[in-house]
Amino acid sequence: MSKPRVFVTRAIPDVGLTIITDACDADVWSEDLPPSRGILLERIKGKVGILSLVTDKIDGEVMDSAGDQLKIISNYAVGVDNIDIQEATNRGILVGNTPGILTETTADLTFALLLSAARRIGEGIDYIRGNKWETFKPMELLGRDVHNSTLGIIGMGRIGIEVARRAKGFTMDVIYYDYRGRGELGEAVNAKMCTTIDELFQKADFISLHIPLTVETKHLIDDAAFANMKDTAILINASRGPVVDSDALYDALKSKKIAYAALDVTDPEPIPFSHKLLSLPNCLIVPHVGSATIETRTKMAVMAAENLLKGIRGELPKHIVNPEALKNRD
Ligand code: DGY
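Computed from a predicted structure; not experimentally measured. (Residues numbered from 1 in each chain as written. Predicted model: local features only at pLDDT ≥ 70, side-chain atom pairs only at ≥ 80, totals over all residues. Heavy atoms only, no water.)

The subject of this paragraph is the domain arrangement of the protein chain. Once the domains are mapped, the protein chain shows domain 1 (5–99 + 294–328) and domain 2 (103–285). Each of domain 1 and domain 2 was reduced to a C-alpha centroid, and the two centroids are 32 Å apart. Between domain 1 and domain 2, roughly 430 Å² of surface is buried when both sides are summed, and carbon and sulfur atoms account for 47% of that area. Sorting the residues of domain 1 by area buried against domain 2 places Asp81, Pro99 and Thr296 first, and these three jointly supply 74% of that buried surface. One can count 1 salt bridge joining domain 1 with domain 2. Note that aspartate 81 and arginine 240 form a salt bridge whose closest N and O atoms lie 2.8 Å from each other. Scanning the region where domain 1 abuts domain 2 turns up 2 residue pairs in polar contact (both at pLDDT 80 or more). Looking at the side of domain 1 that touches domain 2 residue by residue, the class counts come to 3 nonpolar, 2 polar and 1 charged. (Domains from an automatic or database assignment. Buried area = accessible area lost by both parts, 1.4 Å probe. Salt bridge = Lys/Arg side-chain N within 4 Å of Asp/Glu carboxyl O. Polar contact = N/O pair within 3.5 Å; in protein donor to acceptor, adjacent residues only side chain to side chain. Nonpolar A, V, L, I, M, F, W, Y, C, P; charged D, E, K, R; others polar.)

Taken together, Ala77, Val78, Gly79, Leu102, Arg240, His288, Ser291 and Met300 make up all the residues around the ligand. Arginine 240 is positioned with one of its side-chain polar atoms (N or O) 2.7 Å from an oxygen atom of the ligand. With respect to the ligand, the side chain of histidine 288 contributes an N or O atom lying 2.6 Å from an oxygen atom. When the free accessible area of the ligand is taken as 230 Å², the share hidden by the protein chains comes to 88%. Here the shell around the ligand is composed, by residue class, of 4 nonpolar, 3 polar and 1 charged. (Near = heavy atom within 4 Å. Areas by Shrake-Rupley, 256 points an atom, 1.4 Å probe, with all protein chains shown as cover.)

Moving on, we get to the packing of helix 1 (residues 14–23) against helix 12 (residues 294–312). Direction vectors running N to C along helix 1 and helix 12 enclose 20°, while the axes themselves pass 7 Å from each other. Classed by the angle they form, the pair helix 1 and helix 12 counts as roughly parallel. Every residue of helix 12 that contacts helix 1 at Val15, Gly16, Ile19, Ile20 and Ala23 is listed here: Thr298, Ala301, Val302, Ala305, Leu308 and Leu309. For the contact of helix 1 with helix 12, the per-class residue count stands at 9 nonpolar, 2 polar and no charged. (Axes fitted to C-alpha atoms, helices over the stretch in contact; angles between N-to-C directions. Helix = DSSP H or I, 4+ residues; strand = E, 2+ residues; numbered from the N terminus. Parallel < 35°, antiparallel > 145°, perpendicular 65-115°, else oblique. Contact = heavy atoms within 4.5 Å.)

So, on to the nonpolar core. One finds Ile20 and Leu51 to be the most contacted residues of the largest nonpolar core, which totals 49 residues. Two domains each provide a minimum of three residues to this core, namely domain 1 (5–99 + 294–328) and domain 2 (103–285). Those residues in contact with isoleucine 20 that lie beyond four places of it in its chain are Val6, Val8, Ile12, Ala26, Leu51, Ala305 and Leu308. Formed by 32 residues, the second largest nonpolar core is a distinct cluster that contains Ile175, Cys194, Ala204 and Leu263. (Core = buried A, V, L, I, M, F, W, Y, C linked by side-chain atoms within 4.5 Å. Buried < 20%, exposed > 50% of the residue type's maximum accessible area, 1.4 Å probe, protein only.)

A word on the side chain of serine 239. Tracing the backbone shows serine 239 in the loop between strand 10 (234–237) and helix 11 (246–254). Owing to a relative accessible area of 9%, serine 239 belongs among the buried residues under this scheme. A polar side-chain atom of serine 239 sits 2.6 Å from a polar atom in the side chain of asparagine 237. The contacts of serine 239, once residues within four sequence positions are left out, are Leu209, His210, Ile211 and Val265.

Within the secondary structure, leucine 142 sits in the loop between helix 6 (121–129) and strand 6 (150–154). Leucine 142 gets classed as partly exposed once you look at its relative accessible area, which sits at 47%. Residues leucine 142 and arginine 120, 22 residues apart in the sequence, show an inter-C-alpha distance of 7.7 Å.

Put simply, helix 5 (residues 103–118) and helix 7 (residues 158–169) touch, their axes get as near as 8 Å, and they point 50° apart. Here helix 7 runs oblique to helix 5, going by the angle between their axes. Like other packed secondary-structure pairs, helix 5 and helix 7 cross with a definite hand, here right-handed. Two secondary-structure elements touch here, helix 5 through Thr103, Glu104, Thr106, Ala107, Asp108, Thr110 and Phe111 and helix 7 through Arg158, Ile159, Glu162, Val163, Arg166 and Ala167. Partitioning the contact of helix 5 with helix 7 into residue classes produces 5 nonpolar, 3 polar and 5 charged. (Left-handed = near helix turned anticlockwise from the far one by under 90°.)

Glancing now at helix 1. Within helix 1, the full set of buried residues consists of Gly16, Leu17 and Ile20. Buried positions in helix 1, seen along its axis, are confined to an arc of 95° and lie on one side of it. The exposed residues of helix 1 that point more than 90 degrees off its buried face are Asp14 and Asp22. Turning to helix 1, the residues buried within the fold contact strand 1 (5–8), strand 2 (25–28), strand 3 (49–52) and helix 12. (Arc of directions from axis to C-beta.)

Listed below in structure tokens is the structure:
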């Protein structure tokens, strides 16, 4: 019997890839860079499943190019904003993701960004490498205290909660705003809910974003949001780049409307080397590495592979964002 044909858009850790190659006739795109749009449209033809990454835009055109037999899009990520979920659901295609297993790793990275921004670690590294360290100077590279400060978390979901837990270890006051009104989750970590997002902007010393990218959250952090923040505020983004309006962020940092930003994600992504944000000393950027540990990427590979296999067998995988799609399958 012939094996099910799948397209894997990039080499993922072996433990997950082997699960797929053992069970499927797998076309694995193993280049460093993602397949181009043209290649994606071509290679998906006739496949029953695709294992995609955040860098692959999977929309109706891609689904049509695949053909009616496509049963599952298994995303190697918890975020699924690269996929048109509605189009998938309409066609009866399941969309899988990797929730839970990258929560703590992403919270760790968020905290690394927070501490690095507060204590200007990136600038300190540049200072040493630029041969500028002459002596101990009382007024040089002064940052801000993290302990006893106020952290404002936007989005008290899995990752937000873990960031709050870490903050408590630093005796921070944690306040939060959650679109879905998940007050009880914040209470469990002694965080105080803000009734409006502006209240959070006005009170927080650090603002950390933990929300998915949707039509509602695109450019949530814009000129008006910055205008409401303290001028000592430090913004952390480990969610999705377009949640922050990059032009507004640049203006806020340049004019010192806020003090600092530390970003794991950017808009556009990757950020071009010539981008104006990279000219600012008070903006620290790392290249979308929130889940990038050996342990977590390995777990993600296994979970995404298992979602893929279940989906192509017509079963309901454990981690599916649109289980209702099954109703639309013939
Ligand atoms: C995710 O999982 O959504 C990350 O952004 C990539 O690991």
